[in-house]
Amino acid sequence: MEDAWRLASGVLQVWVFVVLVLIMLPAMFGLSLGVTGVYIQVLVQILEWATVRIQRGRLEQPSVPVPLPSGIIERGAGSTEDELRQLSRAESRAGRRFCLSDVLFFHRKGVESIVDDQVTQRFSSEELASWNLLTRTNQNFRYISLRLTVFWGVGVLVRYCVLFPLRITLAVIGLNWLVLGTTAVGLLPQSSVKDWLSEAVHLTCYRICARGLSATVRYHDRENRPRKGGICVANHTTPIDVVILANDGCYAMVGQVHGGLLGVIQRSMLRSCPHVWFERSEMKDRHTVTSRLREHVAAKTKLPILIFPEGTCINNTSVMMFKKGSFEIGGIIYPVAIKYDPRFGDAFWNSSKFSMVSYLLRMMTSWAIVVNVWYLPPMTLQEGEDAAQFANRVKSAIARRGGLLDLAWDGGLKRGKVKDSFKEEQQRLYSSVVMGYPPDDQSHASPQSPDL
């Protein structure tokens, strides 16, 4: 019995040393001992070997199922408007205005949307080219060979028996540090010292939490980092986006007031830093939200506001419509593109399928979080440009830099119905074919026409 207690005491001492000295202390000063980098390199080697072994196993065992390709519809390179223009020109050269076969174009588009639409697939996990040795992405690949099965089994033990307890420990320490630190700083009178201490507490907390996820973040073009008095906008994949960005600088968060544990964290953060929390009734009042954000931006000494204009999480493949409200506030916009590496774990939060707790458990039992962050040059509203056009311009810039698909669809379709304006647009396009005028000719548009 005494030997067992001695062994447990030794294990505890090693555990405390690893957590405090090798992880927390370097994280507090923004340093890295390089352990995570070596861990990621080893993972890359193992996954590359597994990919080769899986490909060879498919040839040796034809019965092994092959994952479906990400896209089963072969689409043209042009847009719907381009195809309609070509169709209208063909009709004009033929000397006719309408033919019954004209409806086949929209019939084909409708079938493509039913089989493989561009919206609903953005709210499911990104498909992988090969298995990453996680059971949740398994396609029966672990049964191809004994060695692959052994690697999978060892990976389960490492992720659940070593990494998971370590990450839980760091997450608890980080959150307690945030609540206690911000509460203590909040007791100080307003001064430059209080602002400095608040930023130090926030940075330390987020860095500890990032280490708790084995996050490897590569920041690019850091000279474009958001500055005080500005608005930082980014594409949204997961709630962890906040930790990833705040690991490199402090932001003023914007969101709804919650209860429970999250409410305790929000109230403690507000004591030391001017975050912008809204009551549920205020969130429905667009004027109130906009005016409070404008007041924050007008104070050039306050931290930049962090906003995700999509309003929902998208699966790391695309950028969907940005809500224009974020671009009506005024001030300088600092775009940021975030792209996760899906090989080490699926960062996308499917809130319709997983609760926050179950999602965080999945993240803490993944291999790691590897992400690239690009800071884009600041952008402002141009002359003659409205808020919607400005939002689309920023969205396109983020999509190009992050290598993401630029979609015009509203992320609100994740839970809501299609807006009437989208339906009317498709009706207008159809009428352009029937009547024989160009699809971009607005003079013939009549959304209220009973013929549509």
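Residues numbered from 1 in each chain as written. Predicted model: local features only at pLDDT ≥ 70, side-chain atom pairs only at ≥ 80, totals over all residues. Heavy atoms only, no water.

## Observations regarding the side chain of Ser214
Within the secondary structure, Ser214 sits in the loop between helix H6 (192-212) and strand S1 (215-220). Judged by its relative accessible area of 13%, Ser214 falls in the buried class. Beyond its immediate stretch of four places on either side in the chain, Ser214 contacts Thr36, Arg167, Trp367, Ala368 and Ile369. (Helix = DSSP H or I, 4+ residues; strand = E, 2+ residues; numbered from the N terminus. Buried < 20%, exposed > 50% of the residue type's maximum accessible area, 1.4 Å probe, protein only. Contact = heavy atoms within 4.5 Å.)

## Overview of the pairing of strand S2 (residues 231-234)
Residue alternation in S2 divides its side chains into two sets, Ile231 and Val233 and Cys232 and Ala234, and both sets are buried. As paired elements, S2 and strand S5 (residues 305-307) share 3 bridges and run parallel to each other. Counted as the bridge partner of Ile231 is Ile305 from S5. Pairing of S2 with strand S7 (residues 333-340) involves 4 bridges; the strand directions are parallel. Residue pairing across strands places Ala234 opposite Val336, the latter belonging to S7. (Pairing = 2+ DSSP bridges.)

## Observations regarding the confidence of the model for the protein chain
Residues of the protein chain with pLDDT of at least 70 account for 75%, and the chain-wide mean is 78. This model gives residues 445-452 a pLDDT under 50, and the stretch forms 6 contacts once residues within four places in sequence are excluded. (pLDDT = per-residue confidence, 0-100.)

## Let's talk about unusual backbone geometry
Here Asp221, not a glycine, exhibits a phi torsion of approximately 55°, which is positive. With respect to the helices and strands, Asp221 occurs in the loop between S1 and S2. A positive phi angle, near 70°, is found at Asn316, a position not held by glycine. Positionally, Asn316 belongs in the loop between S5 and strand S6 (318-319). Relative accessible area serves as the criterion here: at 5%, Asn316 is assigned to the buried category.

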